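Single-letter residue listing:
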Amino acid sequence: MARDTFYLTTPIFYPNGKPHIGHAYTVIASDTLARFQRLNGKEVFFLSGTDEHGLKMQQTADKEGITPKELADRNSAVFREMIAMLGGSNDDFIRTTEERHYKACQEIWRRMAANGDIYLSRYSGWYSVRQEAYFDESETTVGEDGIRREPLGSPVEWNEEESYFFRLSKYQDKLLEYYEKNPDFIGPAERRNEVISFVKSGLKDLSISRTTFNWGVPVPGDEKHVMYVWVDALTNYITAAGFPDENAERWRFWPADVHIIGKDIVRFHAVYWPAFLMSAGIGLPKRVYAHGFLFNRGEKMSKSVGNVVDPFKLVEHYGLDQVRYFFLREVPFGQDGSYSHEAIVNRINADLANDLGNLAQRSLSMIAKNCEGKVPEYGAFSDADRAILDQAEAALATAREAMDRQAINVALNAVFDVVSEANRYFAAQEPWALRKTDPARMGTVLFTTAEVLRRVGILCQPFIPNAAARLLDILAVPADKRSFAEIATDRMLVPGTALPSPQPIFPRYVEVENTAAGVE
Ligand code: ME8
């Protein structure tokens, strides 16, 4: 039977600079969602990439005295490296300067034009290079320094040129109807409400080409224009699925199940993108989910404040699973979050080293010493045994439901609630005391604990893949028995199976002198 497909994307990153922790965060969260659905039995296509055109790239390259393509080549490679370093399990990495992408952009343009939605006119307005977007004069303000800025704070400059326009105004009612009929299209709810009120306030036609520079995809039939970078960027999601070849192997993945983005780019994904697709007669993505922003000790990261964190250094310092765990557990996905050295260390030591690491170490060392290093035999389960086993099984249902709505932290909480409860269970059952008084019961308690750890190990894989693999290795769980289907009670550990000698899963974080890890 064909498996259900699941297509998930990250935003494609501007390679005009080096990646920072905000980029790493998007990747970690998206990767977790992708891994979860693979273990859940879906056929997953997970995409990331770089967004290489536009004025920002051109200007940065000019400053460095290199071509935009050279800049893109250099930094795109660093983004790719960062994704690999974070354990990213993406199936493809798209660069918008690739040939396949030019073809897709030109075809979607032709289809929008054929539908009567593109016309030539002149544009004049306030342009922000940083946001790669025009702003209404009413949206801008002039600061004390005399500089005019858009609402997010980047400077805008007056721009006037011949431009192609997309009839976005025509789609206002269609979009509102779509949001109404598909209440899950935009998440979380705050973002959905913002989008709806923005569209209700009236949509103007959108300028979708530029003539003042040529670093972009040429407009078919009028090559002095290049496409507006956001038309090009959004199209990446269908390029990678094989568009315009609807017989392509990957076209079955479209429409995407979810576009994961940051909250600053919701308008592009939830207003422009569905309008372009409606115009071109292409199916719409099922969901757009926006996460929040990360702040360093509550402060915005900025080079001048000196609190920009390099994801490579952060991972080198704390460890990959530790960093993944921290961001996924600490920040409710969809809300803004803050990080600090103390908060990271606290999570590592309390949750990973103490709760999970110690439980595994203590129970498995007891098995090694007292049960000949084999999965113990078990007798009838007591109520306490059954309660903890059931909780570990129920965590899967909770996690599935939560991950379907990208509530990553809710899923992870359910798994770590099992770990906390298993610690209480272990302490209350006192298997070390049973060793003399009732060795058979000790075997049942140790079996129960090991079986709970097996379930926890399977459930932890999307979040902390390396540590979860180590845990499953020391429980001798075969590589092909690690999917969510294996959590079922009839697939428990088999008594008598030899276990390798227990290795620590998570060391404690020991304070070193330079605590300002990774801060540049
Ligand atoms: O926006 N915390 O690229 P980008 C959390 N090329 N997320 C953050 C962040 C922070 N401090 N700073 C940035 C683009 N991000 C476009 C996307 S998609 C078709 C094109 C997030 O490199 C930001 O919200 O500027 C965005 O989702 C992502 O990083 C890429 O940002």
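**A word on the nonpolar core**
Residues Ile21, Phe327, Leu356 and Phe416 are the most contacted members of the largest nonpolar core, which totals 102 residues. Filtering out sequence-adjacent residues up to four positions away, phenylalanine 327 remains in contact with Ile21, Tyr25, Ile28, Leu294, Leu314 and Tyr339.

**A look at empty space enclosed by the protein**
Overall, the coordinates contain 1 cavity of 30 Å³ or more when judged by the stated rule. If you go around the largest cavity, the residues you meet are Gly54, Tyr127, Glu132, Arg210, Phe213, Met227, Tyr228 and Val229. Considered class by class, the residues forming the lining of the largest cavity number 5 nonpolar, 1 polar and 2 charged.

**Some words on unusual backbone geometry**
Cis rather than trans, the peptide bond between glycine 187 and proline 188 has omega equal to -10°. Secondary-structure assignment places proline 188 in the loop between strand E9 (186-187) and helix H6 (189-200). Looking along the chain, the bond that leaves phenylalanine 243 and enters proline 244 is cis, with omega of 5°. Considering the arrangement of structural elements, one finds proline 244 in the loop between helix H7 (229-239) and strand E14 (258-262). Notably, glutamate 132 is not glycine yet its phi reads approximately 50°, a positive angle. Positionally, glutamate 132 belongs in the loop between strand E4 (118-128) and strand E5 (133-135). When its relative accessible area of 1% is taken as the criterion, glutamate 132 is described as buried. Unusually for a residue other than glycine, glutamate 430 sits at a positive phi of about 45°. Along the chain, the position of glutamate 430 falls in the loop between helix H13 (408-429) and helix H14 (431-437).

**Quick word on the pairing of strand E1 (residues 5-9)**
Of all 5 residues making up E1, 4 are buried, and the element is well covered by its neighbours. Pairing of E1 with strand E2 (residues 43-50), which is carried by 5 bridges, proceeds in the parallel orientation. Counterpart to threonine 5 in the pairing with E2 is glutamate 43. For the handedness criterion, the β-α-β arrangement of E1, helix H1 (residues 21-39) and E2 is classed as right-handed. As paired elements, E1 and E14 share 2 bridges and run parallel to each other. Note on E14: the bridge partner recorded for threonine 9 is histidine 259.

**A word on the sheet that holds strand E13 (residues 222-227)**
Sheets are built from strands paired through backbone hydrogen bonds, the pairs being either parallel or antiparallel. Here we have 3 strands laid out as an open sheet, ordered E11-E13-E12, and antiparallel in their pairing. The two strands at the open ends of the sheet, each matched to only one other strand, are strand E11 (209-210) and strand E12 (218-219). Of the pairings in the sheet, the one linking E12 to E13 comprises 2 bridges and is antiparallel in character. The residue of E13 that forms the bridge with valine 219 is aspartate 222.

**Observations concerning the packing of aromatic side chains**
Enumeration according to the criterion identifies 32 aromatic pairs in this entry. Between tyrosine 7 and tryptophan 254, the aromatic rings sit 6.1 Å apart at their centres with planes inclined by 70°, giving edge-to-face as the arrangement. Within this pair, whereas tyrosine 7 is found in strand E1, its partner tryptophan 254 is found in the loop between H7 and E14, the two being separated by 247 residues in sequence. Using a relative accessible area of 0% as the deciding quantity, one classes tyrosine 7 as buried. Its relative accessible area of 8% is what places tryptophan 254 among the buried residues. Plain terms: the ring middles of tryptophan 251 and tryptophan 254 are 6.3 Å apart, the flat faces sit at 20° to each other, and that makes the pair stacked. One aromatic cluster in this structure is built from Tyr7, Phe45, Tyr237, Phe243, Trp251, Phe253, Trp254 and Trp273. A cation over a ring is seen here: arginine 148 above tryptophan 126, with NZ or CZ 4.5 Å from the ring centre. Positioned above the aromatic ring of tyrosine 171, the side-chain terminus of lysine 174 is 5.2 Å from the ring centre.

**Some thoughts on the site of the ligand**
Around the ligand, 22 residues are found, and the nearest of them are Ile12, Asp51, Gly262, Asp264 and Leu294. Contact between the ligand and glycine 262: an oxygen atom at 2.9 Å from a main-chain N or O atom of the residue. Considered on its own, the ligand offers 670 Å² of accessible surface; in the complex 92% of this is hidden by protein. Of all the secondary structure elements, the ones that give two or more residues to the shell around the ligand are H1, H7 and E14. With 4 residues, the top contributor of residues to the shell around the ligand is H7.

**Some points on the side chain of threonine 10**
Secondary-structure assignment places threonine 10 in the loop between E1 and H1. Side chain to side chain, threonine 10 and serine 48 meet in a polar contact 2.7 Å long. What threonine 10 contacts, discounting residues up to four positions off in sequence, is Thr26, Ser30, Phe46, Leu47, Ser48, Gly49, Tyr237 and Ile260.

**Quick notes on helix H3 (residues 68-85)**
The end-to-end C-alpha distance of H3 is 25 Å, a good match for the 26 Å that 18 residues give at a rise of 1.5 Å each. Listed in full, the buried residues belonging to H3 are Pro68, Leu71, Ala72, Asn75, Ser76, Phe79, Met82 and Ile83. Looking straight down H3, one finds its buried side chains confined to an arc of 115°; they lie on one side. On its buried face, H3 is in contact with H1, E2, helix H2 (55-64), strand E3 (92-95) and helix H9 (311-318). Immediately downstream of H3, the backbone of glycine 87 shows phi near 85°, a positive value.

Parameters and conventions
- Residues numbered from 1 in each chain as written.
- Predicted model: local features only at pLDDT ≥ 70, side-chain atom pairs only at ≥ 80, totals over all residues.
- Heavy atoms only, no water.
- Core = buried A, V, L, I, M, F, W, Y, C linked by side-chain atoms within 4.5 Å.
- Buried < 20%, exposed > 50% of the residue type's maximum accessible area, 1.4 Å probe, protein only.
- Contact = heavy atoms within 4.5 Å.
- 1 Å grid on protein atoms, 1.4 Å probe; cavity = no way out; pocket = protein on both sides within 12 Å on 5 of 7 lines; lining within 4 Å.
- Points joined across faces, edges and corners; volume = space filled by probe spheres on them.
- Nonpolar A, V, L, I, M, F, W, Y, C, P; charged D, E, K, R; others polar.
- Helix = DSSP H or I, 4+ residues; strand = E, 2+ residues; numbered from the N terminus.
- Pairing = 2+ DSSP bridges.
- Right-handed = clockwise from strand over helix to strand, strands pointing away.
- Phe/Tyr/Trp six-rings, centres within 6.5 Å; stacked < 30°, edge-to-face > 60°.
- Lys NZ or Arg CZ within 6 Å of the ring centre and 35° of its normal.
- Near = heavy atom within 4 Å.
- Polar contact = N/O pair within 3.5 Å; in protein donor to acceptor, adjacent residues only side chain to side chain.
- Areas by Shrake-Rupley, 256 points an atom, 1.4 Å probe, with all protein chains shown as cover.
- Expected span 1.5 Å × (residues − 1).
- Arc of directions from axis to C-beta.

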